[in-house]
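Structural characterization, general
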Amino acid sequence: TQLLEQSPQFLSIQEGENLTVYCNSSSVFSSLQWYRQEPGEGPVLLVTVVTGGEVKKLKRLTFQFGDARKDSSLHITAAQPGDTGLYLCAGGFSGNTGKLIFGQGTTLQVKP
Amino acid sequence: GAGVSQTPSNKVTEKGKYVELRCDPISGHTALYWYRQSLGQGPEFLIYFQGTGAADDSGLPNDRFFAVRPEGSVSTLKIQRTERGDSAVYLCASSSGGLPDTQYFGPGTRLTVL
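In what follows, the accompanying structure is described. (Residues numbered from 1 in each chain as written. Chains lettered and ligands numbered in written order. Predicted model: local features only at pLDDT ≥ 70, side-chain atom pairs only at ≥ 80, totals over all residues. Heavy atoms only, no water.)

Thoughts on the overall build of chain B
Test applied: Secondary structure elements follow DSSP: runs of H or I no shorter than four residues count as helices, runs of E no shorter than two count as strands, and numbering proceeds from the N terminus. By definition, residues are in contact when any of their heavy atoms lie within 4.5 Å. Using the Shrake-Rupley algorithm and a 1.4 Å probe, accessible areas are obtained, with residue cover drawn only from the displayed protein chains. Neither His nor the chain ends is counted toward charge; the positive residues are Lys and Arg and the negative residues Asp and Glu. Charge placement uses NZ in Lys and CZ in Arg. For Asp and Glu, CG and CD serve respectively.
Counting its regular elements, chain B contains zero helices and 11 strands. Helices and strands in chain B line up, N terminus first, as β-β-β-β-β-β-β-β-β-β-β. For chain B, contacts bridging at least 24 residues in sequence account for 53% of all contacts bridging at least 6. Carbon together with sulfur atoms contributes 47% to the accessible area of chain B, which is approximately 5300 Å² in total. Across chain B, the 11 positively charged side chains and the 11 negatively charged ones have centroids separated by 8 Å.

Comments concerning the interface of chain B and chain A
It is common to give the size of an interface as the accessible area that goes away when the parts come together. We apply this condition: Each of two parts loses accessible area, computed with a 1.4 Å probe, when they are put together; buried area is these two losses added. What counts as a salt bridge is simple: a side-chain nitrogen of Lys or Arg found within 4 Å of a carboxyl oxygen of Asp or Glu. Any N or O atom pair separated by 3.5 Å or less is treated as a polar contact, with the protein-specific requirement of one donor-capable and one acceptor-capable atom, and with residues adjacent in sequence counted only for side-chain atom pairs.
Taken together, the contact pairs 21 residues of chain B with 23 residues of chain A. Taking both partners together, chain B and chain A bury about 1500 Å²; carbon and sulfur atoms supply 56% of that area. The interface formed by chain B and chain A contains zero salt bridges. The tally of links between chain B and chain A comes to five residue pairs in polar contact (both at pLDDT 80 or more).

Topic: the state of the cysteines
Residue and element names in this part refer to chain B. For the record, the criterion: Two cysteine sulfurs form a disulfide in these notes if their separation is within 2.5 Å. Relative accessibility thresholds used throughout: buried, under 20% of the residue-type maximum; exposed, over 50%; partly exposed, between the two (1.4 Å probe, protein chains only).
Under the criterion given, the structure shown has two disulfides over all chains. The disulfide partner of Cys23 is Cys92, and the S-S distance across this bridge is 1.9 Å. Taking the torsion about the sulfur-sulfur bond, which here is approximately -65°, the covalent link between Cys23 and Cys92 counts as left-handed. Taken together, the positions of Cys23 in strand 3 (residues 19-24) and Cys92 in strand 9 (residues 88-95) put the pair 69 residues apart, joining distant regions of the chain. As far as burial versus exposure is concerned, Cys23 and Cys92 are alike and both buried.

Structural notes on the packing of aromatic side chains
Where we set the bar: Ring pairs are drawn from Phe, Tyr and Trp, using the six-membered ring of Trp, whenever the two centres fall within 6.5 Å, and their geometry is named by plane angle: stacked under 30 degrees, edge-to-face over 60, tilted for the rest.
For the structure shown, the criterion picks out 10 aromatic pairs over all chains. Judged by centre distance (6.2 Å) and plane angle (75°), the ring pair of Phe102(A) and Phe105(B) falls under edge-to-face. On the criterion of chain membership, the pair formed by Phe102(A) in strand 10 (residues 100-102) and Phe105(B) in strand 10 (residues 104-105) is interchain, its members lying in two chains. The class for Phe105(B) is buried, based on a relative accessible area of 12%. Ring centres 5.5 Å apart and planes at 45° place the aromatic pair Tyr35(B) and Phe105(B) in the tilted group. Taken together, the residues span a long stretch of sequence, with Tyr35(B) in strand 4 (residues 31-37) and Phe105(B) in strand 10 at a distance of 70 residues. When its relative accessible area of 0% is taken as the criterion, Tyr35(B) is described as buried. Taken together, the aromatic side chains of Tyr35(A), Phe102(A), Tyr33(B), Tyr35(B), Phe45(B), Tyr48(B) and Phe105(B) make up a single cluster linked through ring pairs.

Some words on unusual backbone geometry
Glycine aside, the phi torsion of most residues is negative, and most peptide linkages are trans. In the segment running from Ser7(A) into Pro8(A), the intervening peptide bond is cis, with an omega of -5°. Within the secondary structure, Pro8(A) sits in the loop between strand 1 (5-7) and strand 2 (10-14). Across the junction of Thr7(B) and Pro8(B), the peptide omega takes the value -10°, indicating a cis bond. Phi at Ala78(A) takes a positive value of approximately 50°, unusual for a residue other than glycine. Here Ala78(A) is to be found in the loop between strand 8 (71-76) and strand 9 (85-92). Using a relative accessible area of 30% as the deciding quantity, one classes Ala78(A) as partly exposed. For Arg81(B), which is not a glycine, the phi torsion comes out positive at approximately 45°. When you line up the elements, Arg81(B) lands in the loop between strand 8 (75-79) and strand 9.

Examining the pairing of strand 11 (residues 106-111) of chain A
All names here are of chain A. Where we set the bar: Strands were regarded as paired on the criterion that DSSP finds at least two bridges between them.
What you see with strand 11 is a clean split: Thr106, Leu108 and Val110 sit on the buried side and Thr107, Gln109 and Lys111 on the side with no burial. Summarising the sheet, strand 2 and strand 11 pair through five bridges and their orientation is parallel. By the bridge assignment for strand 11, Phe10 is matched with Thr107. Of the strand pairs in this sheet, strand 9 and strand 11 are connected by three bridges, and their pairing is antiparallel. Bridge pairing in strand 11 places Leu86 opposite Thr107.

Structure representation (C-alpha cells):
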C-alpha cells in the first residue's frame with residue numbers, strides 16, 4: 001500500500017510568519033503534486049515536480065522534491081491570510097495509470 | 001463548459017438505497033477520474049477512465065461501486081445498497097492525458113447516507 005504522510009495536519013500562524021509542510025512516503029513516485037483546496041471546492045493544482053532534487057518557486061511558495069523521489073516539502077514565506085486553506089500533496093506513478101495517491105492534508109490558518 | 005461539473009451537489013439517501021452521481025468533464029479531456037474524500041482526509045482514488053474504458057479500477061472498495069463512461073465524456077458513479085460508511089464527498093477530475101498531467105477537479109458531490 002502506497003502511503004503519503006503529511007505533517008503537520010494543522011497549522012495556525014500569524015500573518016508574516018514562515019512555515020513548512022512535509023510530505024513523506026516509503027514509496028518512490030514518478031511525480032509529486034501539491035494542491036490547495038478551499039471548502040466546498042475541489043483541489044486546485046499548485047505545482048508538479050518530477051525530478052529528484054527539483055526545486056520550484058511560485059511567488060512566496062517553494063516546493064522541493066526529495067533526491068530519492070519519496071518526499072517533498074512546501075515552504076511558504078511571509079504567509080498571508082489569503083494562504084489559508086487545505087494543502088494536499090499527491091504522488092503519481094509511471095505506467096498506464098493516472099491515479100494520484102493523496103496525503104491526508106495540512107489545514108493552514110493564517111491570522112491577520 | 002468552463003470546468004468540471006458534478007451533479008447533484010448534495011445527495012441525502014437512506015441506507016440500502018441506490019444512488020447515481022454524475023460528472024461532466026472539461027470538453028475534449030480524454031481522461032476522467034473519480035475520488036472519494038472523507039472528512040479531514042485527502043482524496044482517495046477510486047477509478048480512472050481513458051476514453052470509454054476503465055484503465056484502472058483498483059480503488060473501487062467493493063462490488064457495490066460501479067462507474068461508466070459510455071461515450072467517453074460524461075461519467076456516472078453508481079453505488080448500490082448504500083451504507084453509512086459511504087458518506088463522503090465524491091470528487092471527479094478530468095485531464096487531457098499524458099503523465100504527469102494536470103487533473104482539474106469538480107466541486108464534488110456530498111453524499112450523506114442516513
